[in-house]
Amino acid sequence: MIAQLTALERTYAAIILVVIMCVGVAMAVVGRGDLFAVHGWIIAAYAMAVMVVLLRDIDAPEPWEEHFREYYDDPTKVGIILSLIWGVIAMAIGVWVASLLAWPDLTFDAAWASFGRLRPVHTSGVIFGFGGNALIATSFHVLQRTTRARLPDQLSPWFVLLGYNLFCVLAATGYLMGMTQSKEYAEPEWYADLWLVVVWVVYFAIYIRTLARRREPHIYVANWYYMAFILVVAILHIVNNLAVPVSIGHAKSYSLFSGVQDAMTQWWYGHNAVAFFLTSGFLGMMYYYLPKRAGRPIYSYRMSIISFWGITFMYMWAGSHHLHYTALPHWVQTLGMVFSLVLLVPSWASAGNALLTLNGAWHKVRDDAVLRFMMLAAIFYGITTFEGSFMAIRAVNSLSHYTDWTVGHVHVGALGWVAMITFGSLYALVPWMWKRPALYSARLVEVHFWLALAGTVVYVFAMWNSGIIQGLMWRTYDPNGTLTYSFLDTLVAMHPYYIARAFGGLLFLTGIVIAFYNIWMTITLPAPVDEGAASDLPVEPPAPRAWAQAGE
Amino acid sequence: MFDHDTIVGFSKSFGLLYLVAMSIGVVIYAFWPANKKQFERAAESVVSDDEDRPWL
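The rules we used
Residues numbered from 1 in each chain as written. Chains lettered and ligands numbered in written order. Predicted model: local features only at pLDDT ≥ 70, side-chain atom pairs only at ≥ 80, totals over all residues. Heavy atoms only, no water. Contact = heavy atoms within 4.5 Å. Buried area = accessible area lost by both parts, 1.4 Å probe. Salt bridge = Lys/Arg side-chain N within 4 Å of Asp/Glu carboxyl O. Polar contact = N/O pair within 3.5 Å; in protein donor to acceptor, adjacent residues only side chain to side chain. Domains from an automatic or database assignment. Phe/Tyr/Trp six-rings, centres within 6.5 Å; stacked < 30°, edge-to-face > 60°. Helix = DSSP H or I, 4+ residues; strand = E, 2+ residues; numbered from the N terminus. Lys NZ or Arg CZ within 6 Å of the ring centre and 35° of its normal.

Q: Would you take a moment to explain the interface of chain A and chain B for this structure?
A: Many analyses report the size of an interface as the accessible area lost when the parts associate. Contacts between chain A and chain B engage 29 residues on the former and 29 residues on the latter. Of the roughly 2,900 Å² buried between chain A and chain B on both sides combined, carbon and sulfur atoms contribute 66%. At the junction of chain A with chain B, the criterion picks out three salt bridges. We note a salt bridge from Glu216(A) to Arg41(B), for which the minimum N-O separation is 2.7 Å. At the junction of chain A and chain B, the tally comes to 10 residue pairs in polar contact (both at pLDDT 80 or more).

Q: Explain the domain arrangement of chain A here, please?
A: Residues and elements named next belong to chain A. Domains assigned within chain A are domain 1 (1-60) and domain 2 (72-525). For domain 1 and domain 2, the distance between their C-alpha centroids amounts to 30 Å. Between domain 1 and domain 2, the residue contacts involve 21 residues of the former and 24 residues of the latter. Summing both partners gives a buried area of about 1,900 Å² for domain 1 against domain 2, and 76% of it is carried by carbon and sulfur. The three residues of domain 1 that bury the most area against domain 2 are Phe36, His39 and Tyr46, which together make up 32% of that side's buried surface. Along the contact surface separating domain 1 from domain 2 lie zero salt bridges.

Q: Where do I start with the packing of aromatic side chains in this structure?
A: Within a pair of aromatic rings, the relevant descriptors are the distance that separates the centres and the angle that separates the planes. Residues and elements named next belong to chain A. All chains considered together, the criterion is met by 42 aromatic pairs over all chains. Seen from their ring centres, Phe159 and Trp195 are 5.5 Å apart, and the 70° between their planes marks the pair as edge-to-face. Separated by 36 residues along the polypeptide, Phe159 in helix H5 (residues 156-177) and Trp195 in helix H6 (residues 190-212) bring together distant segments of the chain. By the ring-pair criterion, three or more aromatic residues cluster together here, those being Phe128, Phe140, Tyr164, Phe167, Trp200, Tyr203, Phe229 and Phe277. Lying across the ring of Tyr254, Lys252 places its NZ or CZ 5.3 Å from the centre. Between Arg372 and the ring centre of Phe449, over which it is positioned, the NZ or CZ distance is 4.8 Å.

Set out below in structure tokens:
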């Protein structure tokens, strides 16, 4: 992998790593006595670990000329593995926090294992670790294939992928130590936020530079979705994280905004993180891998364009539905509600477009669990966007808000849509990337599919029931006008559903562990030597020149 | 500088105008007859079985 980099790229990589190491050590020195220093050491150690990998092959011969006439897929391969590792860890922690709600003793009296610290590790781990790495990996793949151009250089994709994972590591370790900005999905502190801005700008630059080199004049719609994801997440991230640190050697910072302005900024960010991280990016995935796997062009290319602009410009206004019945001006709440309702149109256009693409390929959906994952994702996407629009209505929100219904809704989207389309896309991508005729086991994909579906259904129904019971108990008054149920009564009522939810999560976790095993075996088992299949595989580039032996 | 009502009035009127204008623009672009061919080609090219290599 390192040997594929040019000597110049290896030198630049070494320089960047030394700079990062120095910054890490400087943070450790300046922040001594504060948790800031711990993160300084983590940054230095991370750079050191990458440096070790780099140094092992630093003086390998220059890559073969032929290598530059192929797409550059090494970062995609590593991104796939990282995505699955984060997925397994973060979903395991998800099962843990779900169990904590049913059996609170599972913190084992450790501060780091308390619910408030573990939960963001789960949310950031699945969204940014699992989802983000999958988005980066697939975006590099889709970008190159649809523009028919190679990535502009071989260093910046690594910078983006590894730099992004450093951010994820800082986030997760920070939460366990109790460092948080207390903003949903934006918990990491100021220095991690600054680092992500650098990484993200390089990511966008890769996109623009590759598009500038494109051989295919038309920019395929999937790239629009990926670009919206990168660009808007940058804007959201920068604005919501405007904060002033206590001092340069201190991890704690204070937001530039206060009160209801802070709340509005946070939920403008939060809802658009759902829109542009968890929707736009994954729609990009869907618009490439679903037609590819089904062997049929997208049903209506025009509809994909219209829904792209619909989603991009309407989602921006929907965030205030998170703040119904708060100090936020009433008209802003109404604005958010109305835009959330209108959003159903482009969302269902996308879901419908995906399902209509499969019209005529239903026999493939029946036989191929990989394609079935993608079909199920489109269905869940339709369900969750309908549910989201419905819950954004102020009157419905008065029942659903602050209850488990919200948690259920999020997981229809996260498990049913985001994770399913990711599994489908990664299963499709792995044999192409590692030049294998097929996955290690189609049967295991089938097992994973049913575990994922069963897990999602159990989880979601448990939360729907729990949330509506909870919401109704909160608003039940007796004839004297006082509340009928105490808070504890609601907890007792919810307990069975919490157990069911943890079980649903466990099914889903089992599924991704099987996926990891299946993909790992696909990669590590040597490709079968078969005359017929071999001729169908892309030509392997010639082996690099032999090393000069000592004494030669 | 500007009071609350001015800003609210501006967002309510201008916001409506530009979003409607943009929606119309997007629909015109998507349904413009001359674009039909390149859209169809783009949709087809994803599923084509070209060699998996950049075009030089």
